[in-house]
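Chain by chain, the residues:
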Amino acid sequence: MAATVRRQRPRRLACWAVIAVLLADLLALSDTLAVMSVDLGSESMKVAIVKPGVPMEIVLNKESRRKTPVTVTLKENERFFGDSAAGMAIKNPKATLRYFQHLLGKQADNPHVALYRARFPEHELSFDPQRQTVHFQISPQMQFSPEEVLGMVLNYSRSLAEDFAEQPIKDAVITVPAFFNQAERRAVLQAARMAGLKVLQLINDNTATALSYGVFRRKDINTTAQNVMFYDMGSGSTVCTIVTYQTVKTKEAGMQPQLQIRGVGFDRTLGGLEMELRLREHLAGLFNEQRKGQKAKDVRENPRAMAKLLREANRLKTVLSANADHMAQIEGLMDDVDFKAKVTRVEFEELCADLFERVPGPVQQALQSAEMNLDEIEQVILVGGATRVPKVQEVLLKAVGKEELGKNINADEAAAMGAVYQAAALSKAFKVKPFVVRDAVVYPILVEFTREVEEPEGVRSLKHNKRVLFSRMGPYPQRKVITFNRYSHDFNFHINYGDLGFLGPEDLRVFGSPNLTTVKLKGVGESFKKHPDYESKGIKAHFNLDESGVLSLDRVESVFETLVEDSPEEESTLTKLGNTISSLFGGGTTPEAKENGTDTVQEEEESPAEGNRDEPGEQVELKEEGEAPAEDTSQPPPPEPKGDTASEGEKAPEEDNGDKAEAQKPVVCRTLVTRFGF
């Protein structure tokens, strides 16, 4: 009997081991079920989650509020976030950081850095010589970059979501303003990495709002295009977006609703914060005037008093949106002196008169980028807290010429709900109804390079070339391949922003350098020497603009082909075998591009996409055409050029030359790809 027990014991242990593995897998799966979104505004943030049994719900913070101030108070041994930090702003204004998103991706000489210093003189911004940016100097021993502060906020938002969901959360979709450029988007991704978040996507807040609007009105969308304008004035900026809704046929799910971003206009500094700062300055002047004969100090020199005035200005702006006048009052503003003054809505509108004149600007920009007029817009919908100011609505209504403005959307939570719907769609743990999203490129991106050309007289000169990779208002995500077919030696090319003429002079200064990076290719000449008997098919650079709007250069490879004789047992005639050899060019790049290790894999040769029209997610090939004007390259050339559209050395090998039978025979393509990441 004892022997029988000993024989069964290993079986029992094996069963328990299998059960333990299954339980571990189930627990691991349950940890990844919940996903979150963070609508990161200038003044406050909204967090939403999706988990089994909880479809798309806004997270309540510790004070049971649906939105949380984006505020951080940093002390030697403790940190405060949200409402707790906002309460500390008056006691310790220097250590309480707000509106720091305006400094993301900005160099020290950027006008927005100077503007931040003027708005919040209590903060000490020190120069970071390594990154050429600024950081907050809290104390001689404590300094933090804006990305680090944002990372703290994102980590706090995750803790709120995890407490609400009662399980760990790692996957998130984060909203960013549509006008964020590459440096600003990378700064947000860096902050998310510091917080330990896996970013499924950086979604533009205007796109998230449009998605939320479309998801809850799915039944109203049909094959007829509906153009809707969203006017979003938040605390720090204003964005106007034109969106087209209609149903389209998809390969996977048949007819499905789609939103397409058609036009975008923005004003980086027009928002509720600037109105509050105007009110704060007005209240400070009234307080100084009340104490004029007492030889008192200027209240503007007292950071605590100015923090109190800013808080009162925020309250006053809200109250004046519904009342013609209101009494501003602060107990113990400075030197134990109380402050009390009456402010009318007329005075407020006079203080912000120049701001209200800028309200129609984003509308005109959006219409120009969409190449549309106001008659084609069916509805104008208000988004953002600052649109509650009556004067903003009055000026906007006059600018768009509509009978009324749409207020049938939650102005505060629409972006968070749209982002969390996208998070659920991107997560493998949920299945949602498809909703096609076609976002648009705001800033065009192009490649610039210089090569030698021979003039008719035999004189060699340098020619500067530009090739547009991603055109303005073109869809993304998108992959592009550009072929350099006139180089046989090492060379460089520059990745720059394209035509930014739609930006004003001040916006251009804020935008920063138009150069993204410079790629230096080495080993080109050596690859040609190694394969003298092969015909070069060019040097291909593969670019990717991903779902977050972040550009990357995936790889660069050289392509060679040759004619070989097939084995006599199989065929008796000569067939053309393409032997493609792709070799890595050691990429020395500017400090913005990081070098990674290389790996070699076998891969099928990629072919250019058919047609001229860019579709999201497809790959389009651009060729370096020697005599083509730069402005003609905004659209990728067709895969089979006809007539004079390509030079003699670039004509397709499938051209009709009399040997149609041979051309139709299968071509075996062996590819050796050595790639690296940037």
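Residues numbered from 1 in each chain as written. Predicted model: local features only at pLDDT ≥ 70, side-chain atom pairs only at ≥ 80, totals over all residues. Heavy atoms only, no water.

An unreviewed UniProt entry annotates the protein chain as Hypoxia up-regulated protein 1 originating from Microcebus murinus. Listed under Subcellular location (unreviewed entry) in UniProt, the entry text for the protein chain is "Endoplasmic reticulum lumen". Heading Sequence similarities (unreviewed entry) of the UniProt record for the protein chain holds this comment: "Belongs to the heat shock protein 70 family." (UniProt positions renumbered as here; feature names shortened; annotations may be inferred.)

**A look at the overall build of the protein chain**
The helix and strand inventory of the protein chain stands at 16 helices and 32 strands. Looking at the 678 residues of the protein chain, the share that counts as buried comes to 50%. Expressed as a percentage of contacts within the protein chain between residues at least 6 apart in sequence, the contacts between residues at least 24 apart total 69%. Carbon and sulfur atoms form 49% of the exposed surface of the protein chain, whose accessible area is close to 33,900 Å². (Helix = DSSP H or I, 4+ residues; strand = E, 2+ residues; numbered from the N terminus. Buried < 20%, exposed > 50% of the residue type's maximum accessible area, 1.4 Å probe, protein only. Contact = heavy atoms within 4.5 Å. Areas by Shrake-Rupley, 256 points an atom, 1.4 Å probe, with all protein chains shown as cover.)

**Regarding the nonpolar core**
By size, the foremost hydrophobic cluster in this structure holds 108 residues, and its most contacted members are Leu154, Phe230, Tyr245, Phe484, Phe493 and Phe543. Met229, Leu333, Met334 and Val395 belong to the second largest nonpolar core, which has 45 residues in total. (Core = buried A, V, L, I, M, F, W, Y, C linked by side-chain atoms within 4.5 Å.)

**Considering the sheet that holds strand 5 (residues 71–74)**
Reading across from one edge, 6-5-7 is the order of the three strands in this open sheet, with antiparallel pairing throughout. The strands lining the two open edges of the sheet, one partner per strand, are strand 6 (79–81) and strand 7 (96–98). Sheet twist, expressed as the average angle between the axes of neighbouring strands with direction ignored, equals 20°. By the bridge criterion, three bridges tie strand 5 to strand 6 in an arrangement that is antiparallel. Bridging across to strand 6, Leu74 finds its partner in Arg79. Across the sheet, helix 2 (residues 82–91) lies against strand 5, strand 6 and strand 7, angled at about 110° from strand 6, the strand it touches most. (Pairing = 2+ DSSP bridges. Axes fitted to C-alpha atoms, helices over the stretch in contact; angles between N-to-C directions.)

**Regarding the pairing of strand 11 (residues 171–176)**
Within a regular strand, the side chains alternate between the two sheet faces. Strand 11 sits mainly inside the fold: six of its six residues count as buried. Burial along strand 11 is two-sided: the residues Asp171, Val173 and Thr175 and Ala172, Ile174 and Val176 are all buried. Bridge count between strand 1 (residues 35–40) and strand 11: three bridges; the pairing is parallel. Paired with Val38 across the two strands is Ile174, which belongs to strand 11. Here strand 11 pairs with strand 12 (residues 198–204) via six bridges, running parallel. Pairing of Asp171 across the sheet is with Lys198, part of strand 12. Handedness of the crossover is the feature at issue here: the chain leaves strand 11, passes through helix 5 (residues 182–194), returns alongside strand 12, and the resulting connection is right-handed. (Right-handed = clockwise from strand over helix to strand, strands pointing away.)

**Some thoughts on the packing of aromatic side chains**
Within the structure shown, the criterion is met by 24 aromatic pairs. Judged by centre distance (6.0 Å) and plane angle (65°), the rings of Phe179 and Phe180 are edge-to-face. On the basis of an interplanar angle of 75° and a centroid distance of 5.3 Å, the ring pair of Phe528 and Phe560 is categorised as edge-to-face. Placement of the pair is Phe528 in helix 15 (residues 524–530) and Phe560 in strand 27 (residues 551–561), with a sequence separation of 32 residues. One aromatic cluster is present, built from ring pairs that chain together Phe179, Phe180, Phe266, Tyr443, Tyr497, Phe502 and Phe511. The ring of Phe502 has Arg472 sitting right over it, with the charged end atom 3.7 Å from the ring centre. (Phe/Tyr/Trp six-rings, centres within 6.5 Å; stacked < 30°, edge-to-face > 60°. Lys NZ or Arg CZ within 6 Å of the ring centre and 35° of its normal.)

**Quick look at the confidence of the model for the protein chain**
For the protein chain, per-residue confidence averages 81 on the pLDDT scale, and 78% of positions sit at 70 or higher. This model gives residues 25–31 a pLDDT under 50, and the stretch forms three contacts once residues within four places in sequence are excluded. Every residue in residues 568–613 scores below 50 in pLDDT, and together they form 135 contacts with partners more than four places removed in sequence or on other chains. (pLDDT = per-residue confidence, 0-100.)

**Topic: unusual backbone geometry**
Here the amide bond leading from Tyr476 into Pro477 is cis, since omega sits at 10°, within 30 degrees of zero. With respect to the helices, strands and loops of the structure, Pro477 is situated in the loop between strand 22 (475–476) and strand 23 (478–484). The phi dihedral of Ser64 falls on the positive side, at around 60°, and the residue is not glycine. With phi around 60°, Gln132 is a residue other than glycine that occupies positive phi space. Within the element layout of this structure, Gln132 appears in the loop between strand 8 (125–128) and strand 9 (133–139). Its relative accessible area of 39% is what places Gln132 among the partly exposed residues.

**A few points about the side chain of His112**
Note that His112 resides in helix 3 (residues 111–119). You can call His112 buried: its relative accessible area is 10%. Residue contacts for His112: discarding those within four places in its chain leaves His102, Leu103, Lys106, Arg268, Thr269 and Val510.

**Notes on the packing of helix 7 (residues 272–290) against helix 8 (residues 303–320)**
Between helix 7 and helix 8, the shortest axis-to-axis distance is 8 Å and the interhelical angle comes to 120°. Classed by the angle they form, the pair helix 7 and helix 8 counts as oblique. The handedness of the crossing between helix 7 and helix 8 comes out as right-handed. Listed contacts from helix 8 to Gly272, Met275, Glu276, Leu277, Leu279, Arg280, Leu283 and Ala284 of helix 7 are Met306, Leu309, Leu310, Glu312, Ala313, Asn314, Leu316 and Lys317. A class-by-class count of the residues in the contact of helix 7 with helix 8 yields 10 nonpolar, two polar and four charged. (Parallel < 35°, antiparallel > 145°, perpendicular 65-115°, else oblique. Left-handed = near helix turned anticlockwise from the far one by under 90°. Nonpolar A, V, L, I, M, F, W, Y, C, P; charged D, E, K, R; others polar.)

**Looking at helix 2**
Among the residues of helix 2, those classed as buried are Gly82, Asp83, Ala85, Met88, Ala89 and Ile90. Considering only its buried residues, helix 2 is in contact with strand 4 (68–69), strand 5, strand 6, strand 7, helix 4 (146–165) and helix 8.

**Considering the pattern of salt bridges**
For the structure on display, the rule yields 22 salt bridges. A salt bridge links Glu124 to Lys94, with the shortest nitrogen-to-oxygen separation between them at 3.9 Å. You can see Glu124 sitting in the loop between helix 3 and strand 8 and its partner Lys94 sitting in the loop between helix 2 and strand 7, a full 30 residues away along the chain. Here Lys94 falls in the partly exposed class, since its relative accessible area comes to 36%. Between Arg300 and Asp298 there is a salt bridge, with the nearest N and O atoms lying 3.4 Å from each other. Under the relative-accessibility criterion, Asp298 is labelled partly exposed at 27%. Residues participating in the shared-partner salt-bridge network are Arg119, Glu274, Arg278 and Asp354. (Salt bridge = Lys/Arg side-chain N within 4 Å of Asp/Glu carboxyl O.)

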